[in-house]
Amino acid sequence: MIDVRESLDRLPDRFNKRLRLVQHAKRLNTRFLLISGDTSFRLTIAGGMVSAVEHGPFVMGQWDFVIQADEDTWKKFWSPTPPPGFHDVLALSKAKRMSIQGNIYPFMSNLLYFKELLSSVRSQESH
Amino acid sequence: MSNPTVEIEPITGRYLRINLNDKPHRVYFEEAGAGIPLLCLHTAGSDTRQYRGLMNDARVTKHFRVICFDLPWHGKSSPPAGWHEETYRLSSQDYAGMIIAMTQALGLDRPVVMGCSIGGRIVLHLALHHAKRFRGLIGLQSGAHVDPYYDLDWLHRPDVHGGEVCAGIVSGLVGPSSPQEHRWETLWHYMQSGPGVFKGDLHFYTADGDIRKDVSRINTQECPLWLLTGEYDYSCTPDDTAFLGRSIPGSKWQIMEGMGHFPMSEDPERFLKFLLPLLEEVRMAG
């Protein structure tokens, strides 16, 4: 069973090894909030690397944009073989199971990067 | 003397000079095989390379002359002179007109037309307005309408890399189990698309090409219609195709398990398992 907190805590180790992606995004510096149900996490990207995953709640926190879905949606998205409609953030957004709001310029101008980042929580075997 | 490390594919490509929509154009087309003409239409923002698997497969080309062309502005078909002063926007009327003009220019006798995505939409327009010109119509990822599900302006603005954002937009439309080689080949085509071209095609896909209120008038007695749609497509969904299947008497439709929005390009081998029986039906019908 996928534990959202544990999966996100492992994300820097897992993702930062993907050197081509990280190097390509070397000019990317942003912070975003990932909300899973009632729980929030702030992820910091510095020079293309995931430099911090902080656990909320946040008092007077700052971020550029927010990606929000319920916990069951994140678990399906991160399952080894996601069902149709749960396999991609735009699929989830179109179905209104996920919202992406705020200053989404960093997200859209690095869309492939963020898709790889978010799906890298998924088990390696399915990637 | 043959060299086992080298293979020249049976596909040949040429350029055609033709007036389309009252303007001179230079259009790239390619073909392989012999027999019943099968004209294939690529998706929005891509080009003929999507059909490389079909054109290289003898099970298709021994009975079919497979022809693909790059729409103007796409692939190796240039935009018309003066393009830098206009905004490209594909319309239903222009798109259907170009297909008919290409059919006539290449001397194709009642071809089968197979199109994917925007190509899957235009075959519905062809079925409605020009059925007698065609031997059969095959819609891949066909839907009567799609509402935009993101702001299309992201696709063409100077402060976002157009190729990368277009590939990012469509990357989730590839079925998750499709081979990595073909997934990234498919995305590469999007990365190479000209600025604003994908967005211009989506004008047809999300606005001008809405055919919901007319599809029930399609007469499959005049021209048979087949619909194949990938299970993981969230742009043209299986439900969209099921709606067509229910609305168009005599149409035949099938959902392709595991596949996404680009069946012929993202996993040609798996796609042929669905397509070959259908082509056999076309051939038997004569």
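Our structure's up above, just so we're on the same page.
Residues numbered from 1 in each chain as written. Chains lettered and ligands numbered in written order. Predicted model: local features only at pLDDT ≥ 70, side-chain atom pairs only at ≥ 80, totals over all residues. Heavy atoms only, no water.

**Re the nonpolar core**
One finds Phe32(A), Ile169(B) and Phe198(B) to be the most contacted residues of the largest nonpolar core, which totals 104 residues. Leave out the neighbours within four places in its chain, and Phe32(A) touches Phe41(A), Arg42(A), Leu43(A), Ile45(A), Trp63(A), Phe65(A), Ile67(A), Phe114(A), Leu117(A) and Leu118(A). Counting 28 residues, the second-largest nonpolar core is a separate cluster that includes Ala32(B), Met55(B), Phe64(B) and Leu272(B). (Core = buried A, V, L, I, M, F, W, Y, C linked by side-chain atoms within 4.5 Å. Buried < 20%, exposed > 50% of the residue type's maximum accessible area, 1.4 Å probe, protein only. Contact = heavy atoms within 4.5 Å.)

**Some thoughts on the layout of surface pockets**
Each pocket or cavity is described by its volume, and for the largest pocket that value is around 1,200 Å³. Together, 46 residues line the largest pocket, and Leu112(A), Tyr113(A), Lys115(A), Glu116(A) and Trp184(B) are the ones closest to its centre. Within the residue set of the lining of the largest pocket, elements represented by two or more residues are α2 (19-24), α5 (105-108) and α6 (111-119) of chain A together with α5 (162-171) and α6 (180-191) of chain B. Grouping the amino acids of the lining of the largest pocket by side-chain chemistry returns 22 nonpolar, 13 polar and eleven charged. Each pocket or cavity is described by its volume, and for the second largest pocket that value is around 410 Å³. (1 Å grid on protein atoms, 1.4 Å probe; cavity = no way out; pocket = protein on both sides within 12 Å on 5 of 7 lines; lining within 4 Å. Points joined across faces, edges and corners; volume = space filled by probe spheres on them. Helix = DSSP H or I, 4+ residues; strand = E, 2+ residues; numbered from the N terminus. Nonpolar A, V, L, I, M, F, W, Y, C, P; charged D, E, K, R; others polar.)

**Notes on the packing of α6(A) against α5(B)**
Running from N to C, α6(A) and α5(B) point in directions that differ by 35°, and their axes come no closer than 8 Å. Between α6(A) and α5(B), the residues in contact are Leu111(A), Leu112(A) and Lys115(A) and Glu164(B), Val165(B), Ala167(B), Gly168(B), Ile169(B) and Ser171(B), respectively. (Axes fitted to C-alpha atoms, helices over the stretch in contact; angles between N-to-C directions.)

**Focus: the sheet that holds strand β7 (residues 225-230) of chain B**
Residue and element names in this part refer to chain B. Spatial strand order, β1-β2-β4-β3-β5-β6-β7-β8: eight strands in an open sheet with mixed pairing. With one partner strand each, in any of the chains shown, β1 (12-20) and β8 (252-256) form the two edges of the open sheet. For this sheet the average axis-to-axis angle between neighbouring strands, irrespective of direction, equals 20°. Sheet analysis places strand β5 (residues 112-116) next to strand β6 (residues 136-140), joined by five bridges and oriented parallel. The residue of β6 that forms the bridge with cysteine 116 is leucine 140. This element, helix α8 (residues 238-247), spans β7 and β8 of the sheet and lies at about 165° to β7. (Pairing = 2+ DSSP bridges.)

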